[in-house]
Amino acid sequence: MEYLDFELPIKELEDKYKQTLEIGEGSEVDVTDTVKKIEKKIKATRKEIYKNLSPWQRVQISRHPNRPYTLDYIKAICGDTWLELHGDRNVKDDKAMIGGLGKIGDQSYMFIGQQKGYNTKTRQYRNFGMANPEGYRKALRLMKSAEKFGIPVVALIDTPGAYPGLEAEERGQGEAIARNILEMTRLKVPIIVMIIGEGASGGALGIGVGDRVVMLENTWYSVISPESCSSILWRSWEYKEQAAEALKLTSTDMKKMKLVDEVLKEPLGGAHRDRDAIFKSVADCITRHYTELKELESSKLVEQRMDKYADMGVYNG
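Scope of this entry: the structure provided in the associated data block. Position labels on residues start from 1 in each chain and follow its written sequence. Given that this is a predicted model, residues contribute local features only at a pLDDT of at least 70 and side-chain atom pairs are listed and counted only at 80 or more, while totals for whole chains, interfaces and linings are drawn from all residues. Heavy atoms throughout the structure, all of them, feed into the side-chain values; hydrogens and water do not.

**A closer look at the overall build of the protein chain**
Here is step 1: What counts as a helix is a DSSP run of H or I of at least four residues, what counts as a strand is a run of E of at least two, and both are numbered from the N terminus. Scanning the protein chain from terminus to terminus reveals 14 helices and eight strands.
Here is step 2: Radius of gyration means the value over C-alpha atoms here, while the globule rule gives 2.2 Å times the residue count to the 0.38 power. Against the globule reference of 20 Å for 317 residues, the protein chain gives a C-alpha radius of gyration of 21 Å, in line with a compact fold.
Here is step 3: Across its three principal axes, the protein chain shows a C-alpha extent of roughly 70 × 50 × 50 Å.
Here is step 4: By the convention used here, residues are in contact when the closest approach between their heavy atoms is within 4.5 Å. Of the contacts made within the protein chain by residues no fewer than 6 positions apart, 72% connect residues no fewer than 24 positions apart.
Here is step 5: Of the roughly 16,100 Å² of accessible surface on the protein chain, 51% is carried by carbon and sulfur atoms.
Here is step 6: Positive charges come from Lys and Arg, negative ones from Asp and Glu, while His and the chain ends are left out of the count. One atom stands in for each charge, and that atom is NZ of Lys, CZ of Arg, CG of Asp or CD of Glu. Of note, the protein chain has its 48 positive side-chain charges centred 2 Å away from the centre of its 48 negative side-chain charges. Areas reported as accessible are Shrake-Rupley estimates using a 1.4 Å probe. Residue values count occlusion only from the protein chains shown.

Here's what the structure looks like:
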């Protein structure tokens, strides 16, 4: 397990806990009382640290290298029913955007999401979770297929942004994202959006329009990353913490501003601390929202979705 800077007090206690156990196993000394005290101290320290997280610390947790990614969720939730589909039928198969069919219980869903890598090789293969235009066009193709067969769509968002390279702009990055936003507003099947990590800029919005938008507790959703905001406003990345505070990008801020519908609680310390628990929470959340949405006629579903986004930012003074 890797630890973030602000988690080092927990690491020190956990190291001490392991050392105490080793001493107990390697000798006849009874360390039971000491172990219990350290366990108690670890729990208290965790609670104290995680109940007072700053926006920047939540950004750091959302990027934790041990945090589960899109395919982790899909494979855990769908098991053997997962069938990945490839290609945009135009340019190529974008490895940063994955999609396919899977079941939760007896219900089929079309899953779409950005996928990051676990090490240097897979990060390059997945382009660090930054999709090209063909990735968004693949996502749209799959959503249209889901609409044709009456299958609900689940979008899992975890991206530092759409790929900003020259070739992406040449192939119409802006148009691809704009087209997805347009088509998702009028898709005639339920769309459930889950923000499971980073939700940055148009890269997130390209698959982010939904009837229900849910953020995991330690995720963020914003027009720009704190580092980029800092570099624009202060000409330096040193002010990223102030930028994170000012951007109001946490799940709590998003819920307060009614830009998302629900904040899904994570295990203490983040989703990576108890993967089985977060996988179950996400699966239950998807099922719960689909159960509500499936009762609506397609015309009513689209109408409510459009009204929801049209009302964002409206102020009645």
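**Structural notes on the nonpolar core**
Here is step 1: In this structure, Ile112, Tyr136, Met143, Val153 and Ile207 are the most contacted members of the largest nonpolar core, which totals 32 residues.
Here is step 2: Among all residues touching Val153, those that are not within four sequence positions of it are Met110, Ile112, Met143, Ala146, Leu187, Val189, Pro190, Ile191 and Ile192.
Here is step 3: Residues grouped as a nonpolar core are buried Ala, Val, Leu, Ile, Met, Phe, Trp, Tyr and Cys residues, joined through side-chain atoms within 4.5 Å. Burial here depends on accessible area, computed with a 1.4 Å probe over protein chains only, as a share of the maximum for the residue type. Under 20% is buried, over 50% is exposed, and the range in between is partly exposed. Of all hydrophobic cores here, the second largest spans 28 residues; its members include Cys78, Tyr109, Phe111 and Met194.

**Topic: the environment of Tyr239**
Here is step 1: Along the chain, the position of Tyr239 falls in the loop between helix H10 (226-234) and helix H11 (240-247).
Here is step 2: Overall, the relative accessible area of 32% leaves Tyr239 in the partly exposed class.
Here is step 3: Remark: the alpha-carbon pair of Tyr239 and Val193, spanning 46 residues in sequence, is separated by 31 Å.
Here is step 4: The contacts of Tyr239, once residues within four sequence positions are left out, are Ser230 and Trp234.

**Some remarks on the packing of aromatic side chains**
The geometry of an aromatic ring pair comes down to the distance between the two centres and the angle between the two planes.
Here is step 1: Note on ring pairs: Phe, Tyr and Trp rings are taken, using the six-membered ring of Trp, and paired if centres are within 6.5 Å. Classes follow the plane angle, with under 30 degrees stacked, over 60 edge-to-face and the rest tilted. Overall, the coordinates contain five aromatic pairs when judged by the stated rule.
Here is step 2: Taking 5.3 Å as the distance between ring centres and 40 degrees as the angle between the ring planes, the aromatic pair formed by Tyr69 and Tyr118 counts as tilted. On the criterion of sequence distance, the pair formed by Tyr69 in the loop between helix H3 (55-62) and helix H4 (70-78) and Tyr118 in the loop between strand S3 (107-114) and helix H5 (120-125) is long-range, its members being 49 residues apart.
Here is step 3: The exposure class assigned to Tyr69 is buried, which follows from its relative accessible area of 6%.

**Things to note about the pattern of salt bridges**
Pairs may arise between side chains of opposite charge once their charged atoms sit close together.
Here is step 1: Criterion for a salt bridge: a side-chain nitrogen of Lys or Arg within 4 Å of a carboxyl oxygen of Asp or Glu. A complete count under the given rule lists 25 salt bridges for this structure.
Here is step 2: Here Glu183 and Arg179 are joined by a salt bridge, their closest N and O atoms 3.5 Å apart. In this pair, Glu183 and Arg179 both sit in helix H8 (residues 173-185), four residues apart, roughly one turn of the helix.
Here is step 3: Given a relative accessible area of 9%, Glu183 falls into the buried group.
Here is step 4: A salt bridge links Arg186 to Glu183; the nearest nitrogen and oxygen atoms lie 3.2 Å apart.
Here is step 5: What you see here is one network of salt bridges that share partners, running through Arg137, Lys144, Glu147, Glu175, Arg179, Glu183 and Arg186.

**Structural notes on the packing of helix H6 (residues 133-148) against H8**
Here is step 1: Across the interface, H6 lies against H8 with an axial gap of 8 Å and an inter-helix angle of 20 degrees. Considering the angle they form, H6 stands roughly parallel to H8. For the element pair H6 and H8, the recorded crossing hand is left-handed. Across the interface between the two elements, Pro133, Tyr136, Arg137, Ala139, Leu140, Met143 and Lys144 from H6 touch Gln173, Glu175, Ala176, Ile177, Arg179, Asn180, Glu183 and Met184 from H8. Helix axes use the C-alpha atoms of the stretch in contact, all axes being lines fitted to C-alpha atoms, and the angles between their N-to-C directions lie in the range 0 to 180 degrees. The cut-offs work like this: below 35 degrees is roughly parallel, past 145 is roughly antiparallel, 65 to 115 is roughly perpendicular, and the gaps in between are oblique. Each crossing is labelled by how the near helix is turned from the far one, with a counterclockwise turn of less than a right angle marking it left-handed and a clockwise turn marking it right-handed.

**Things to note about the environment of Gly105**
Here is step 1: With respect to the helices, strands and loops of the structure, Gly105 is situated in the loop between strand S2 (97-104) and S3.
Here is step 2: On the basis of relative accessibility, which here comes to 62%, the residue Gly105 falls in the exposed class.
Here is step 3: A C-alpha to C-alpha distance of 9.6 Å links Gly105 and Ala283, two positions 178 residues apart in sequence.

**Examining a nonpolar patch on the surface**
Here is step 1: On the surface, a nonpolar cluster with roughly 410 Å² of combined accessible area is contributed by Ile232, Leu233, Trp234 and Tyr239.
Here is step 2: Turning to its location among the elements, Trp234 is positioned in helix H10. The patches described consist of residues with a relative accessible area above 30% and no salt bridge, like charges being joined within 9 Å and nonpolar side chains (Val, Leu, Ile, Met, Phe, Trp, Tyr) within 5 Å.

**Side note on the pairing of S2**
Here is step 1: The buried count for S2 comes to six of eight residues, which makes it a mostly enclosed element.
Here is step 2: When DSSP finds two or more bridges between two strands, those strands count as paired. The pairing of strand S1 (residues 83-85) with S2 spans three bridges and is antiparallel. For Leu83, the partnering residue across the bridge sits in S2 and is Leu101.
Here is step 3: Here S2 folds back onto S3 in antiparallel fashion, the turn holding two residues, of which Gly105 has a positive phi close to 65 degrees.

**Quick word on the side chain of Asn218**
Here is step 1: Positionally, Asn218 belongs in the loop between strand S6 (212-216) and strand S7 (220-222).
Here is step 2: Polar contact criterion, stated in full: a pair of N or O atoms within 3.5 Å, where within protein one must be able to donate a hydrogen and the other to accept it, and residues adjacent in sequence count only if both atoms are side-chain atoms. At 2.4 Å, the side chain of Asn218 forms a polar contact with the side chain of Arg58.
Here is step 3: Non-local contacts of Asn218, meaning those with residues more than four positions away in its chain, are made with Leu53, Arg58, Ile61, Ser62, Arg67, Glu266 and Gly270.

**Some points on H3**
Here is step 1: The buried fraction of H3 amounts to eight of the eight residues, a majority that puts the element mostly inside the structure.
Here is step 2: Residues Pro55, Trp56, Gln57, Arg58, Val59, Gln60, Ile61 and Ser62 constitute the buried set of H3.
Here is step 3: Packed against the buried residues of H3 are helix H2 (32-50), strand S5 (191-200), S7, H10 and H11.

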